[in-house]
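These are the residues of each chain, in order.
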Number of protein chains: 2
Amino acid sequence: MTEMCALNDLLPKSDANFTALSPLSFLRRAATVYANNDAMIYGDRHYSWRETHDRCTRLGALLKQRGIVRGDVVSVMLPNIPAMYEAHFAIPMTGAVLNAINIRLDIDTVAFILRHSDTKLIICDTEYNSTIEAALATLDNPPPVIFVHDRQESFSAPLAEHDYETLLADQNNAIACTPPQDEWDAIALGYTSGTTGNPKGVVTHHRGAYLNAVSNVLSWGMGFGVRYLWTLPMFHCNGWCFPWTLAAIGGTSICMRKVDAQVILSLIEKHEVSHYCGAPIVHAMIADTIISQGKRFEHKLSGLIAGAAPPASVFEKMATLGIDITHVYGLTEVYGPATVCVKQDAWQEASIEEQVHLNGRQGVNYPMEEDVCVMDPNTMQPVPADGATVGEIMFRGNIVMKGYLNNPTATAEAFHGGWFHSGDLGVCHPDGYLKIVDRSKDIIISGGENISSLEVEEILLRHDDVELTAVVPMPNEKWGEIPVAFVQKKVNSDLTEEQLMTFCRERISHFKAPRKIIFEDIPTTSTGKIQKFPLRQRVAEMS
Amino acid sequence: MTEMCALNDLLPKSDANFTALSPLSFLRRAATVYANNDAMIYGDRHYSWRETHDRCTRLGALLKQRGIVRGDVVSVMLPNIPAMYEAHFAIPMTGAVLNAINIRLDIDTVAFILRHSDTKLIICDTEYNSTIEAALATLDNPPPVIFVHDRQESFSAPLAEHDYETLLADQNNAIACTPPQDEWDAIALGYTSGTTGNPKGVVTHHRGAYLNAVSNVLSWGMGFGVRYLWTLPMFHCNGWCFPWTLAAIGGTSICMRKVDAQVILSLIEKHEVSHYCGAPIVHAMIADTIISQGKRFEHKLSGLIAGAAPPASVFEKMATLGIDITHVYGLTEVYGPATVCVKQDAWQEASIEEQVHLNGRQGVNYPMEEDVCVMDPNTMQPVPADGATVGEIMFRGNIVMKGYLNNPTATAEAFHGGWFHSGDLGVCHPDGYLKIVDRSKDIIISGGENISSLEVEEILLRHDDVELTAVVPMPNEKWGEIPVAFVQKKVNSDLTEEQLMTFCRERISHFKAPRKIIFEDIPTTSTGKIQKFPLRQRVAEMS
């Protein structure tokens, strides 16, 4: 159709001017540029970027010797320790795909994932020996396991021939830390912790990992000398791509096995941590511990918050403490965070309440994510930016998964119409910022009116005695559904159902207020999300 | 060879998960996220990001109406005013290629460029009317011109039907600010100001422009609220990709028609400029003016310096003034800066002299440039990192040009062996930092010994009375060549040849010291580089 064009068609790609985009390039550069800077700190162990590069390239050689080749899946079950960081580079370096399994999963789910992913090798911390061994026992051809024995802990030691550090120390070969031929090659596999059915395997690629790693830098305005505390599990969307971000900027990973408030505080002080990420509960814990201990950090500390709308109390406490909090939103399918609530200068003049509202929105597309849009899934047209019309949040661009592994139906559905369908319902505000109003399945329809369970939950959370809450629909002959609230009270609270109902009705339309409140501890998923499914089931049976 | 792999081969690209990388995406996002922030300031004119996006999309529509299509070249001859910034988005938006012509070029060269590039349309500031009209007079089919009439200046006004602002105001249509289908499509064409022969047309692509725009952010640690002063001409390697960088981070462009010390100072103060770029002479001018006026800026100011090794005096003055200077190096073929002298913490403890030496090196590859290496061009092997063995500086990766327009021989030579050959000679220090020792053609071979003209120049520049210098080879029967120095003295200096020779011989091997010194003003190219070619010619004739 178009004639030959000298500028576009006569100058093809060559080795000189084209390389696959891959976060492996960041590690290779960091090994030179930041050679002697700390890449990882874990307890008394410090690894420079040169050492980290060296360990990763030797681990890569070890994996190749074990027969790992391009397209194989290597699964890991590791906490946020150096071996986990190394897995993010060494496994892709061989051409294989990193599958980081949530350490809190049950045996059956782990077994399902190992089978479904056709895992060829496992790297596992000995803390999870019993889970992994029980899961392996269910497999016909269980893959071999390399065990990581954390000498700082009292977990059992493996045989030397299976011991990560011994094998690494004995490994004299190294492989090159270079990108794959094709940037579309898979880099990671991550199973979504759906509330029903079997988890789906989200496949991501080198190009997307590279771009989101950099997009993190832009969206957070990260400069030099970053000291990042690993409060966010690396098995959660590959730590939102931050292992690769830190290589891109030569930042330091402060590793941490468990999320413990006192440990976090002492690491922040000791290492002058500049950045950390986490769910609201992590931020709340940090804020409360700082306040209860009367601490104040001299250095600048910034946090990314995601996983649920950040409660007002967290924003207020962090503001008081001088800790800078930025709200992001995403899913495994979009490599972790894919929207960010970019702070506008003008917001500084708003009331705290208004600021909480503004910052509580999911915001705009991440700098290098092409598009996010609230759309009518039937017409595939954007909803009006009126802050009221509900649509489905959809993404499009280079930081969207390749698809679900061996699940063409789910992939096709997810990509219907050329957009990734998040399954989350939202509105678009006049300033272009989007706000989640509900997860698709969490809408409660009562008397023909839509009730956002999230909205009701937010009201409940404003009560000082409410720790956690989940609002679910109870089938009802008259209304179709009515909202029922599960509430986990703070320790020592003597709050009654009647008091809390009154509190709600004073703040929300009566039809939205819960008709029944059940006080009990609330189940959460391994990534801190509230598990509504069992609650929903119980309520359905109650009606 | 390899069998089908579910992870790599069964999940193809789709509209949902693949978009061409293009800096146009940054403008589209900025129009939403930074809608009301200043994108451009020029005198009294302020344009928000929404307005800038609007102007660019309407300019794009205007160009399309004029018949501009994918692969066409649109040439511009503009200073650093808003129209120039807009050209960086509006022209690529149509699928066309931006060719920014150096405003200081002579008529013959401009005519050559217009012919060679097959320019379809020109956008020209009326300050350069006489040049462009004389150049057009030499063409068989001169393309049409849209004239930009700067109302802040007294240059002649064009007819309304050719007037940029009038045409833009009358334009009601807009085109979409979306990436091309193929990220390998050309985005810009830039003619290198070679010292001999016809200039070569360097073709760059959307992918590279996108990546280098972001690479600037990483290499400079740019955060939020950037206010960038346009001391660097945008016609120089597309302003090192900074027009696109600023869209990626929502920074503000402070435009400026001419580089004038007093104007620069007042703009820095008025707009609290945070970042600027330039050749050493720009930095020297800024430093000297600040010092002579006894100024001190309250806010943080950072400068990128490139084009020549930064003189010690500039580093020292900037350090005293609290202005942060970073040394970068590159060429048009690598989209502007492609190496950066990343500052190491340990350097802070070094003496000022040592710091000048360390920071005077060209450094390491830019964060998103795959590789830079000092190589033996015969063996294509890296030279030892001993700080002594000279090789050619070569680049490889995604931020290397597509090639030279209609010049397959030059392109093949430049990419020989899978690397881009810069033509600059350098050494690699043990810490992996490279240092230019000479431009390929500037080596002087005397009695079988290689003399770096740069090294001699650096010695001469240490003398307080030396403003500029160029050392060139003079043919000599006995020695082959001998070094001759052209020296531009500072105003009112009474420095003699003998004094300066003594000064040199005290600091450098005798064979390297210039055998002859010629005091006179030194010619520079339009981009501030010293033009050695005419000097070399004159000296050749003298011998």
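Predicted, not measured: the structure shown is a model, and the values here were computed from it.

**What about the overall build of chain A?**
For step 1, the next point in the chain: A tally of regular secondary structure across chain A gives 18 helices and 26 strands.
For step 2, the next point in the chain: Its C-alpha radius of gyration of 24 Å places chain A within 12% of the 24 Å reference for a compact globule of 543 residues.
For step 3, the next point in the chain: For chain A, the C-alpha atoms occupy an extent of roughly 70 × 70 × 55 Å along the three principal directions.
For step 4, the next point in the chain: Scored against the burial criterion, the 543 residues of chain A give a buried share of 53%.
For step 5, the next point in the chain: Considering only contacts in chain A between residues 6 or more positions apart, those separated by 24 or more positions represent 68%.

**A look at the pairing of strand S7 (residues 186-191) of chain B**
Side-chain positions along a regular strand alternate between the two faces of the sheet.
All names here are of chain B.
For step 1, the next point in the chain: Taken across its 6 residues, S7 has 6 buried, putting it largely inside the fold.
For step 2, the next point in the chain: Here strand S4 (residues 97-100) pairs with S7 via 2 bridges, running parallel. The residue of S7 that forms the bridge with leucine 98 is alanine 188.
For step 3, the next point in the chain: In terms of strand pairing, S7 meets strand S8 (residues 201-205) through 5 bridges, oriented antiparallel. Residue pairing in the sheet places alanine 186 in a bridge with histidine 205 of S8.

**Let's talk about unusual backbone geometry**
Peptide bonds are mostly trans, and most non-glycine residues show a negative phi.
For step 1, the next point in the chain: For Met380(A), which is not glycine, the phi torsion reads 55° and is therefore positive.
For step 2, the next point in the chain: Along the polypeptide, Met380(A) turns up in the loop between strand S16 (371-376) and strand S17 (381-382).

**Details of the relation of the copies chain A and chain B**
Comparison of the two chain copies shows a relationship of rotation about an axis with a shift along it.
For step 1, the next point in the chain: Superposition record for chain A on chain B: RMSD 0.1 Å, screw rotation 180°, translation along axis 0.0 Å. Accordingly, the operation relating the two chain copies is best matched by a two-fold axis. Rotation axis and chain A: the residue whose C-alpha lies nearest the axis is Gly223(A), separated from it by 3.2 Å.

**Regarding the sheet that holds strand S5 (residues 119-125) of chain B**
All names here are of chain B.
For step 1, the next point in the chain: Strands sit in the order S6-S5-S3-S4-S7-S8-S19 across an open sheet of 7 strands; the sheet is mixed. The sheet is open, and its two borders are formed by strand S6 (145-148) and strand S19 (403-404), each paired with just one other strand.
For step 2, the next point in the chain: Where S5 meets S6, 4 bridges bridge the pair, whose relative direction is parallel. When the bridges of S6 are listed, cysteine 124 appears paired with phenylalanine 147.

**Some thoughts on the sheet that holds strand S6 (residues 145-148) of chain A**
Paired through backbone hydrogen bonds, the strands of a sheet run either parallel or antiparallel to each other.
Residue and element names in this part refer to chain A.
For step 1, the next point in the chain: A sheet is described by the order of its strands in space; here 7 strands give the open sequence S6-S5-S3-S4-S7-S8-S19, paired in mixed fashion. Sheet topology places S6 and strand S19 (403-404) at the edges, where each strand pairs with a single neighbour.
For step 2, the next point in the chain: As paired strands, strand S3 (residues 73-77) and strand S4 (residues 97-100) are joined by 4 bridges and run parallel to one another. Bridging from a neighbouring strand, valine 74 pairs with leucine 98 of S4.

**Describing helix H8 (residues 206-220) of chain B**
All names here are of chain B.
For step 1, the next point in the chain: Over its 15 residues, H8 runs 21 Å from end to end, which matches the ideal 21 Å to within 8%, given 1.5 Å per residue.
For step 2, the next point in the chain: Of all 15 residues in H8, 15 are buried, a share of seventy percent or more.
For step 3, the next point in the chain: At the exit of H8 stands glycine 221, carrying a positive phi of roughly 60°.

**Thoughts on the nonpolar core**
For step 1, the next point in the chain: By size, the foremost hydrophobic cluster in this structure holds 308 residues, and its most contacted members are Ile123(A) and Ile123(B).
For step 2, the next point in the chain: When near neighbours in sequence (up to four residues on either side) are disregarded, Ile123(A) contacts Val74(A), Val76(A), Leu78(A), Ala83(A), Ala87(A), Ile146(A), Val148(A) and Tyr164(A).

**A look at the interface of chain A and chain B**
For step 1, the next point in the chain: Counting residues at the interface gives 53 residues for chain A, matched by 53 residues for chain B.
For step 2, the next point in the chain: At 4 residues, the largest contribution of residues to the side of chain A that touches chain B is made by helix H2 (residues 24-33) of chain A.

**Some remarks on the packing of helix H3 (residues 49-65) of chain B against helix H4 (residues 82-93) of chain B**
Residues and elements named next belong to chain B.
For step 1, the next point in the chain: Relative to each other, H3 and H4 sit at 50°, their axes nearing to 8 Å. Classed by the angle they form, the pair H3 and H4 counts as oblique. Along this stretch, H3 crosses H4, giving a crossing that reads as right-handed. Across from Arg55, Cys56, Thr57, Leu59, Gly60 and Leu63 in H3, the residues of H4 making contact are Glu86, Phe89, Ala90, Ile91 and Met93.

**Details of the environment of Lys512(A)**
Residue and element names in this part refer to chain A.
For step 1, the next point in the chain: Position of lysine 512 relative to the elements: it lies in the loop between helix H17 (497-505) and strand S26 (516-519).
For step 2, the next point in the chain: Linking lysine 512 and glutamine 344, residues 168 residues apart in sequence, is a C-alpha distance of 32 Å.
For step 3, the next point in the chain: Beyond its immediate sequence surroundings of up to four residues, lysine 512 is in contact with Ile451, Glu455, Val456 and Pro483.

**Some details on the environment of Tyr329(A)**
Residues and elements named next belong to chain A.
For step 1, the next point in the chain: Positionally, tyrosine 329 belongs in strand S13 (residues 324-331).
For step 2, the next point in the chain: What makes tyrosine 329 buried here is the crowd of 28 C-beta atoms within 10 Å.
For step 3, the next point in the chain: In this structure, the C-alpha to C-alpha distance between tyrosine 329 and proline 473, residues 144 residues apart in sequence, is 25 Å.

**Topic: the packing of helix H5 (residues 107-116) of chain A against helix H6 (residues 129-137) of chain A**
Residues and elements named next belong to chain A.
For step 1, the next point in the chain: Two elements in contact, H5 and H6, have axes separated by 8 Å at closest approach and are oriented at 55°. Overall, the two elements H5 and H6 adopt an arrangement that is oblique. Like other packed secondary-structure pairs, H5 and H6 cross with a definite hand, here right-handed. Between H5 and H6, the contacting residues are Ile107, Val110, Ala111 and Leu114 on the first element and Thr131, Ile132, Ala134 and Ala135 on the second.
For step 2, the next point in the chain: Within the contact of H5 with H6, the residues separate by chemical class into 7 nonpolar, 1 polar and no charged.

Conventions we followed
- Residues numbered from 1 in each chain as written.
- Chains lettered and ligands numbered in written order.
- Predicted model: local features only at pLDDT ≥ 70, side-chain atom pairs only at ≥ 80, totals over all residues.
- Helix = DSSP H or I, 4+ residues; strand = E, 2+ residues; numbered from the N terminus.
- Rg over C-alpha atoms; globule rule 2.2 N^0.38 Å.
- Buried ≥ 20, exposed ≤ 12 C-beta atoms within 10 Å, placed from the backbone.
- Contact = placed C-beta atoms within 7 Å.
- Pairing = 2+ DSSP bridges.
- Least-squares fit on C-alpha atoms with pLDDT ≥ 70 in both.
- Expected span 1.5 Å × (residues − 1).
- Core = buried A, V, L, I, M, F, W, Y, C linked by C-beta atoms within 7 Å.
- Axes fitted to C-alpha atoms, helices over the stretch in contact; angles between N-to-C directions.
- Parallel < 35°, antiparallel > 145°, perpendicular 65-115°, else oblique.
- Left-handed = near helix turned anticlockwise from the far one by under 90°.
- Nonpolar A, V, L, I, M, F, W, Y, C, P; charged D, E, K, R; others polar.

These figures capture arrangement, not role.
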